[in-house]
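What follows is the residue order along each chain.
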Amino acid sequence: MDNALRPLFVVGGAIVLTLLVGYVVDVTLRRADARHPETPLWGLLRRCRLPLQVVLLTGALRGSYRQTKWKIIEDHEAGIGQVLSLVMIGACAWLVIRIASAITESSYARYATISHDRARVRRVRTQVTLIMRIVTAVVGVVAAAAMLLTFPQFKAIGTSVLASAGIIGIVAGVAAQSTLGNLFAGFQIAFGDMVRIGDTVVVDGEWGVVEEVTLTFLAVRTWDERRITMPVSYFTSKPFENWSRGGVQMTGTVFFHLDHSAPISLMREKTKEILGNCSAWDGRDWSLAVTDTTPSTIQVRVVVTAKDADDIWTARCVVREQLIGWLCEKHPYALPRVATSAATLPPDGQWQEQARLDGRQPRPSEVHSNNADEYPLVDGSPVAEEAPRTGRG
């Protein structure tokens, strides 16, 4: 009877102890979270309950499974102990990752609530994300190494591996040169503040928002919801546009090609009215000016400001759409048009028209000088002396 109840006491006691400790820890964290709502750490640590219970259960079973005195356990004692050790190492790594994640997320949440600088918040978010990935990778590698070292065969192999670590390191460095380059580029992006999650960038001719940053690649979400995945080494070796660098406020331009008779003063008044009713305009500045002219049109530039890249796009579209509609409705003569009427001839008396009527061609001296008529003719001949070249020909 004692042999039959012993396994029940060992396994059941380990389970009851695990559930009891997990419940006590959860209640404690819940009360701490209620007392300190400004600190999200205690609420985030409640996610560690499951890995903590797995660690406690495997630890209790690892230390007491021999006390069951079962025949099957005694026959496979080494294998069962090995499995429990592997599970406990994996559970410990899981618990460490959960705790690190709770601490980093809590730090970022507190910083985001007290900081009013959106650029700095995005910078901290990028750094926290990459730090968490580094911690996860390091803990995973250490846990995998600890699992391998529980096997006696790997202990013997480890000695020879360490003896040839220099050669292996050189070979691995050459083989993984690109990967290592991206890895170090990820560190540079994380702590060099080159690009952050949420930044508006233009890379390889594509406009988008940085959606994800890892140690090896960076994902950009374009305006049409495509995802461009690029190696992080691209951002450390090639130039790119970061519209959010140094602040998210932006200035945009809208160009119009209009007729020379366009009512510029009325356009300024209408632009001011349009921007006053546009929620995307931040009210910092605006202007309208004629910036260029051609034989057939003038170029009018409208400058508007907005708080970020999304709003500047909206403001530009609103100004362009409403101003063109207003011109079409109220001032259609201001729109560019192609002249198809016959050209007006110059007045009579000018030398071009007189030369055409006389049937003679202009003298060579007239081609190079505006005062060719002052040069005397040679022996009464119709050809004047060669005029000095002025460079106008």
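Rules behind the numbers
- Residues numbered from 1 in each chain as written.
- Predicted model: local features only at pLDDT ≥ 70, side-chain atom pairs only at ≥ 80, totals over all residues.
- Heavy atoms only, no water.
- UniProt positions renumbered as here; feature names shortened; annotations may be inferred.
- Patch = residues over 30% accessible without salt bridge, like charges linked within 9 Å, V, L, I, M, F, W, Y side chains within 5 Å.
- Areas by Shrake-Rupley, 256 points an atom, 1.4 Å probe, with all protein chains shown as cover.
- Salt bridge = Lys/Arg side-chain N within 4 Å of Asp/Glu carboxyl O.
- Helix = DSSP H or I, 4+ residues; strand = E, 2+ residues; numbered from the N terminus.
- 1 Å grid on protein atoms, 1.4 Å probe; cavity = no way out; pocket = protein on both sides within 12 Å on 5 of 7 lines; lining within 4 Å.
- Points joined across faces, edges and corners; volume = space filled by probe spheres on them.
- Nonpolar A, V, L, I, M, F, W, Y, C, P; charged D, E, K, R; others polar.
- Buried < 20%, exposed > 50% of the residue type's maximum accessible area, 1.4 Å probe, protein only.
- Pairing = 2+ DSSP bridges.
- Polar contact = N/O pair within 3.5 Å; in protein donor to acceptor, adjacent residues only side chain to side chain.

The protein chain goes by Mechanosensitive ion channel family protein in an unreviewed UniProt entry, where it is assigned to Streptomyces lichenis. In UniProt, the protein chain has this text filed under Subcellular location (unreviewed entry): "Membrane".

(A) Broad picture of a nonpolar patch on the surface. A contiguous nonpolar surface patch, about 240 Å² in accessible area, is contributed by Val11, Ile15 and Leu19. Turning to its location among the elements, Ile15 is positioned in helix H1 (residues 2-35).

(B) A look at the layout of surface pockets. The calculated volume of the second largest pocket comes to roughly 230 Å³. Around the second largest pocket sit Trp207, Trp223, Trp243, Met250, Thr251, Gly252, Ala309, Asp310, Ile312, Trp313 and Arg316, which together line it. Broken down by secondary-structure element, the contributors of at least two residues to the lining of the second largest pocket are strand E6 (250-258) and helix H12 (309-330). Broken down by element, the residue count for the lining of the second largest pocket peaks at five residues, all from H12. Of the residues contributing to the lining of the second largest pocket, the split by class is seven nonpolar, two polar and two charged.

(C) Seen up close, the pairing of strand E4 (residues 227-231). Judged by which residues are buried, E4 turns out to be one-sided: Ile228 and Met230 face inward and are buried, whereas Arg227, Thr229 and Pro231, on the alternate face, are not. Following strand E3 (residues 217-222), the chain reverses through four residues before pairing antiparallel with E4; Glu225 in that reversal takes a positive phi of roughly 70 degrees.

(D) Fine view of the UniProt feature "transmembrane region" (unreviewed entry) in the protein chain. Using the residue numbers shown here, the UniProt feature "transmembrane region" (unreviewed entry) corresponds to residues 6-29, 80-100, 130-151 and 157-176. Secondary structure across residues 80-100 divides into 100% helix and 0% strand, with the first and last C-alpha atoms of the span separated by 30 Å. The span residues 130-151 is 91% helix and 0% strand, and its two end C-alpha atoms sit 33 Å from each other.

(E) Examining the sheet that holds E3 more closely. With respect to topology, five strands assemble into an open sheet ordered E4-E3-E2-E1-E5, the strand pairing being antiparallel. Each of the sheet's edge strands pairs with one partner strand only, and the pair in question is E4 and strand E5 (241-242). Pairing between strand E1 (residues 200-203) and E5: two bridges, direction antiparallel. Residue pairing in the sheet places Val202 in a bridge with Glu241 of E5.

(F) Unusual backbone geometry, seen in detail. Despite not being glycine, Asp204 has its phi angle at roughly 55 degrees, a positive value. Relative to the elements of secondary structure, Asp204 occurs in the loop between E1 and strand E2 (206-213). Positioned with a positive phi, Glu225 is a non-glycine residue whose angle comes to about 70 degrees. Locating Glu225 in the fold gives a position in the loop between E3 and E4. For Glu225, a relative accessible area of 62% translates into the label exposed.

(G) Representation of the environment of Lys307 in the model. Tracing the chain through its elements places Lys307 in the loop between strand E8 (298-306) and H12. Judged by its relative accessible area of 41%, Lys307 is partly exposed. For the pair Lys307 and Thr251, spaced 56 residues apart in sequence, the C-alpha separation works out to 8.9 Å. Within the structure, Lys307 has its side chain in polar contact with the side chain of Asp308 (distance 3.0 Å).

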